[in-house]
Every structure is written in C-alpha cells, then in structure tokens.
Amino acid sequence: MNGNSQRFWHIVSALKQGDPLPADAQRLTSSASTRVVRVSEADKDYYVKVFLPRGRLELLKRVMLGSRAQRAALAADTLAQAGFHTPAVVAFGNVGGASWLVTEGVAGLGLGIYADVFLRGPLSTARLAWKRSILHAFGDLVGRLHRQGIIHGDLRLNNVLIDTYSPVPMFYLIDNERNRRFKGMPPRALIVKNLVQASLLYPVFGTRTDRLRFFEAYAEHFPTLSGQERRSLLREVQRRSSQRLESLAQRPLAKRPELENVYNVPA
C-alpha cells in the first residue's frame, strides 16, 4: 500500500467512525447516508466518499449488485467508455457495512451554482451567447446519454459539473452510483424523470425560449420521434417541472458562494 492509499484509508476509517480528520481534510456537505472530504496531494485534489449502511434493502442490493462504491466505479467506467466525462476513480472498496470511493478532482463547478452566480438577470451580449451555448450543450449531453440507453440516477444540476476553464461547454457527471444502462431506449418514465431534473434550471435562470433551446438540442438525438411525440414529452416534462419548481420555491434561497478559479465566463 503506497502513501496515498494509506492516507485515504485513514480518512475512510475516520469518516466511518466519526473520528477527527487530518487538519487539511475539508469536510463537504453531503446527504445523510454519505460522508465526503476533499484532500490535496502533490497539488492535486482528491475526493474521499464513504457510503454508510442504509438498512436491509441496501444489504440486499450489495449482495445482488455490489456495494454503492462498486456501482459508482462501474458507472464511471461505463460513462467513460461511452464518451462522457466523469472524475477518474482512484480506488474503492468495502469496510464493514459501508463502502468507499476515491476520485480525482476536476476543474468543475456544479452547473446549478454556476448558473446562479453567472447566468442570472440581465446579461451582456457575450454572456447571453455563452448561456445559450451552455443550454444547447446540456441538452445535447442528456440526449446523448439517453440515446445510448443511459439514465443518470440523480441528474440534479449540481451533479453536473461544468468545466471552469474550457472555452466551450464541457461537463463532468458525478454521483453516478444509481445510473442504469438499458440495451435499447430507457423507459419513458425514467427519461421524463431525468428531463425534469435537468429542467430545474428554469424558470429562475431562463425563459421559455431557453427551455426550448435545451429540449431541441436533446431531441436532435431522436429524429424518429414524431412532432406529436415530441410535444407530448415536452408537455409532460413542463407540467412536472412546474410542480417541482413550485415546491422548491417554498425553500429559502441558499447564500450565493464566493467563487474563485472560474475563467470561462465572458464579461
């Protein structure tokens, strides 16, 4: 076991037991069933994620499908082979009833945060063009996923990282442990679910026309869909998105973060 592996294992053990972490390990916000820290080694960031036991159903899934960390590593490999970007998996394993995953950091920021900070309100001509290119690229991304039979398990905006250096929109997919791949087209219900998750960018940061830009880029991957089928799918996504947005509107707004190292936002 090399030095990095020993350090990662120490962090995994501390996270699982609730013990103190090394001084340079930054604890990050996560769900109740996970614990995540960021650490740096040789000027490179790594993310250590521990998946905690979630009951008997999780144990059954572990026997049948592998642990959550194993599923995340397999999903990352599937995405990479299909031509999508996702943080490289460094190591993963099981410890007791828990499992753990270590991934390399990427120069990316959650798309929801990026949009909130840089794409809200009146925009310059250059920034408006950049927003529209992001919308098109995001629609293209989801369309390519579904065209290849891949459903992302949780396509909320901050599980899509946008590269903060690239002069063209480039995305990394994270939190992939619940991804599924089908031999043909995924079930419509799962397609709608992903599209609703992706559409939560609106209407706060965009217009109806922006929504159509996203959907048209998505639909380019399904030329056999009739006009009626496209309209039916769009109506269903809009209806469910509106319901979800009404629910989200009841929550207090999160404080907008101070961001550094974002280099691709036009003035």
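Our structure is the block above this text.
Along each chain, the written sequence defines residue order, and numbers are assigned to residues from 1. Under the rules for a predicted model, residues below a pLDDT of 70 receive no local features and side-chain atom pairs below 80 are neither given nor counted, while totals for whole chains, interfaces and linings still include all residues. In computing side-chain properties, one takes all heavy atoms of the structure into account and sets aside hydrogens as well as water.

## As for a nonpolar patch on the surface
Condition: Residues enter patches when they are more than 30% accessible in relative terms and free of salt bridges; like-charged ones are connected within 9 Å and nonpolar ones (Val, Leu, Ile, Met, Phe, Trp, Tyr) within 5 Å. Here the Shrake-Rupley method, with its probe set to 1.4 Å, supplies the accessible areas, and only the displayed protein chains count as covering residues. Note on definitions: salt bridges are taken to be side-chain nitrogens of Lys or Arg within 4 Å of carboxyl oxygens of Asp or Glu. Here a strand is any run of E in DSSP of at least two residues, a helix any run of H or I of at least four, and the numbering for each starts at the N terminus. Under the scheme applied here, a residue whose accessible area is under 20% of the maximum for its type counts as buried, over 50% as exposed, and between as partly exposed, the area being computed with a 1.4 Å probe on protein chains only.
On the surface, Val63, Met64 and Leu65 cluster together into a nonpolar patch covering about 380 Å² of accessible area. Within the element layout of this structure, Val63 appears in helix α2 (residues 56-65). In this structure Val63 comes out as exposed when scored by relative accessible area, which is 69%.

## A short note on unusual backbone geometry
Even without glycine at this site, Asp43 takes up a positive phi of about 65 degrees. At Asp175, a residue that is not glycine, the phi angle is positive and equals roughly 55 degrees. Among the structural elements, Asp175 can be located in the loop between β9 (171-173) and β10 (180-181).

## As for the packing of helix α5 (residues 125-147) against helix α6 (residues 188-198)
Selection rule: Each axis is a line fitted through C-alpha atoms, taken for helices only over the stretch in contact, and angles between the N-to-C directions span 0 to 180 degrees. Convention used here: angles under 35 degrees read as roughly parallel, angles over 145 as roughly antiparallel, angles from 65 to 115 as roughly perpendicular, and any remaining angle as oblique. By convention the crossing between two helices is left-handed if the near helix lies anticlockwise of the far one by an angle smaller than a right angle, and right-handed if it lies clockwise. Here, two residues are considered to be in contact whenever any of their heavy atoms come within 4.5 Å of each other. When residues are grouped by polarity, Ala, Val, Leu, Ile, Met, Phe, Trp, Tyr, Cys and Pro land in nonpolar, Asp, Glu, Lys and Arg in charged, and all others, Gly among them, in polar.
Remark: α5 packs on α6, axes separated minimally by 11 Å, with the N-to-C direction vectors making an angle of 160 degrees. As far as their axial angle goes, α6 and α5 are roughly antiparallel. The way α5 lies across α6 gives a crossing that is right-handed. Where α5 abuts α6, its residues Phe138, Val142 and His146 lie against Ile191, Asn194, Leu195 and Ala198. Per-class residue counts for the contact of α5 with α6 are five nonpolar, two polar and no charged.

## Describing the packing of aromatic side chains
We count it as follows: Aromatic contacts are taken between Phe, Tyr and Trp rings whose centres are within 6.5 Å, Trp giving its six-membered ring; a plane angle under 30 degrees counts as stacked, one over 60 as edge-to-face, and the others as tilted.
Tallied over the full model, the rule gives eight aromatic pairs. Note on Phe138 and Phe214: the rings are 5.4 Å apart at their centroids and 55 degrees apart in plane angle, and the pair reads as tilted. Of the two residues, Phe138 is situated in helix α5 and Phe214 in helix α7 (residues 208-219); the sequence distance between them amounts to 76 residues. Under the relative-accessibility criterion, Phe138 is labelled buried at 1%. The structure contains a cluster of three or more aromatic residues connected by ring pairs, namely Phe138, Phe171 and Phe214.

Function cannot be inferred from these measures alone, as they are strictly geometric.
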